[in-house]
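Working through the structure, step by step
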Amino acid sequence: MRIGVVALQGDVTEHRAALERLGAETRPVRTPAQLAGVEGVVLPGGESTTLSLLLRSSGLEQALLGAFREGLPVLATCAGLILLARDVLDGRPDQVRFGLLDAQVRRNGFGRQVHSFEVDLPVVGLGDRPVRAVFIRAPLVEAVGPDVAVLARLPRGPGGRGEGSPVLLQQAGVLAASFHPELSGDDRIHERFLRQVAEGTTSGQRLAG
Ligand SMILES: NC(=O)CC[C@H](N)C(=O)O
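Residues numbered from 1 in each chain as written. Predicted model: local features only at pLDDT ≥ 70, side-chain atom pairs only at ≥ 80, totals over all residues. Heavy atoms only, no water.

Another point: the site of the ligand. Surrounding the ligand, one finds Gly45, Gly46, Glu47, Ser48, Cys78, Ala79, Ile82, Arg107, Asn108, Ile136, Arg137 and His180. A distance of 3.0 Å separates an oxygen atom of the ligand from a polar atom in the backbone of Ala79. Ile136 places a polar main-chain atom, nitrogen or oxygen, 3.0 Å from a nitrogen atom of the ligand. Burial of the ligand by the protein amounts to 95% of the accessible area it has alone, namely 300 Å². More than half of the atoms of the ligand fall within 2 Å of the grid points belonging to the largest pocket. Broken down by class, the residue content of the shell around the ligand amounts to 4 nonpolar, 5 polar and 3 charged. (Near = heavy atom within 4 Å. Polar contact = N/O pair within 3.5 Å; in protein donor to acceptor, adjacent residues only side chain to side chain. Areas by Shrake-Rupley, 256 points an atom, 1.4 Å probe, with all protein chains shown as cover. 1 Å grid on protein atoms, 1.4 Å probe; cavity = no way out; pocket = protein on both sides within 12 Å on 5 of 7 lines; lining within 4 Å. Sits in = over half its atoms within 2 Å of the grid points. Nonpolar A, V, L, I, M, F, W, Y, C, P; charged D, E, K, R; others polar.)

Scored by pLDDT, the protein chain comes out at a mean of 93, with 96% of its residues at no less than 70. Of the regions scoring below 50 in pLDDT, residues 205–209 engages in 16 contacts with residues more than four places distant in sequence or in other chains. Among the prediction metrics, the complex's ipTM stands at 0.94, with pTM recorded as 0.94. (pLDDT = per-residue confidence, 0-100. Contact = heavy atoms within 4.5 Å.)

Taken as a whole, this structure holds 13 salt bridges when the rule is applied. The salt bridge partner of Glu47 is Arg107, with a shortest N-O separation of 2.6 Å. Residue Glu47 is located in the loop between strand E3 (40–43) and helix H2 (48–58), and its partner Arg107 is located in the loop between strand E6 (101–106) and strand E7 (116–121); the two are separated by 60 residues in the primary sequence. What makes Arg107 buried here is its relative accessible area of 13%. Taken together, the shared-partner salt bridges connect Asp90, Arg106 and Glu142 into one network. (Salt bridge = Lys/Arg side-chain N within 4 Å of Asp/Glu carboxyl O. Helix = DSSP H or I, 4+ residues; strand = E, 2+ residues; numbered from the N terminus. Buried < 20%, exposed > 50% of the residue type's maximum accessible area, 1.4 Å probe, protein only.)

A separate point is the sheet that holds strand E9 (residues 140–144). Here 3 strands make up an open sheet; going across it, the order is E5-E6-E9 and the pairing mixed. The strands lining the two open edges of the sheet, one partner per strand, are strand E5 (85–89) and E9. Across the sheet, the axes of successive neighbouring strands diverge by a mean angle of 25°, strand direction being ignored. By the bridge criterion, 4 bridges tie E6 to E9 in an arrangement that is antiparallel. If you follow Ala103 over to E9, its bridge partner there is Val144. (Pairing = 2+ DSSP bridges. Axes fitted to C-alpha atoms, helices over the stretch in contact; angles between N-to-C directions.)

Moving on, we get to the nonpolar core. Core analysis: the largest hydrophobic core is formed by 34 residues, its most contacted members being Leu64, Phe68, Leu84, Phe98 and Leu101. For this core, the elements supplying multiple residues, two or more each, are E3, H2, helix H3 (60–69), strand E4 (74–77), helix H4 (79–84), E5, E6 and strand E12 (174–177). Val42, Leu126, Ile189 and Phe193 belong to the second largest nonpolar core, which has 31 residues in total. (Core = buried A, V, L, I, M, F, W, Y, C linked by side-chain atoms within 4.5 Å.)

Next comes the structure, spelled out in structure tokens:
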């Protein structure tokens with residue numbers, strides 16, 4: 001299975017390492033041509049404004065949008081989730097908005113003072129052992145639409161903030177985490193994504209907005 005990892009910014013190496021540990025072949029994607037032949041794509045975290053600029057200047061914004069419309073499955077983390085969301089609060093007006101995930105998210109929603117925190121996260125379908133989730137200036141998911149399955153909610157937020165909010169979401173072929181599954185050494189979220197790709201779950205139609 002060949003997975004493209006959008007390699008403009010962020011934890012590209014860590015995502016590739018996790019996928020390769022699971023037996024997938026990976027390819028860094030910096031240009032539209034490099035999307036050819038990939039069966040799924042990872043949109044890593046970073047900073048959504050910078051990522052937006054780079055997606056635009058590389059031509060990947062349009063290429064990815066076309067691929068998502070055709071159903072290319074995507075694993076998006078942190079800033080990647082922001083770019084996929086239908087509705088972004090505190091986002092820059094000119095940021096990329098793929099609109100593929102029916103969710104309302106707030107950038108840096110855990111408060112400016114909270115740059116990073118970690119929690120043990122129970123995840124639907126991953127058994128009794130929680131996933132160690134690393135949050136770095138994470139977006140806060142404030143609402144999700146009816147077609148979104150919430151696979152994990154924050155058991156406790158920093159200072160009580162964001163408690164109970166969705167942090168791992170699935171909508172058809174879109175798997176989106178507000179944390180960084182590539183940083184914990186626990187590959188089960190990537191494994192779930194590869195299973196999704198193998199089963200042919202597609203990313204579906206772009207939503208309005
Ligand atoms: N770790 C991350 O991806 C942080 C996301 C970043 N705070 C943003 O708004 O784009």
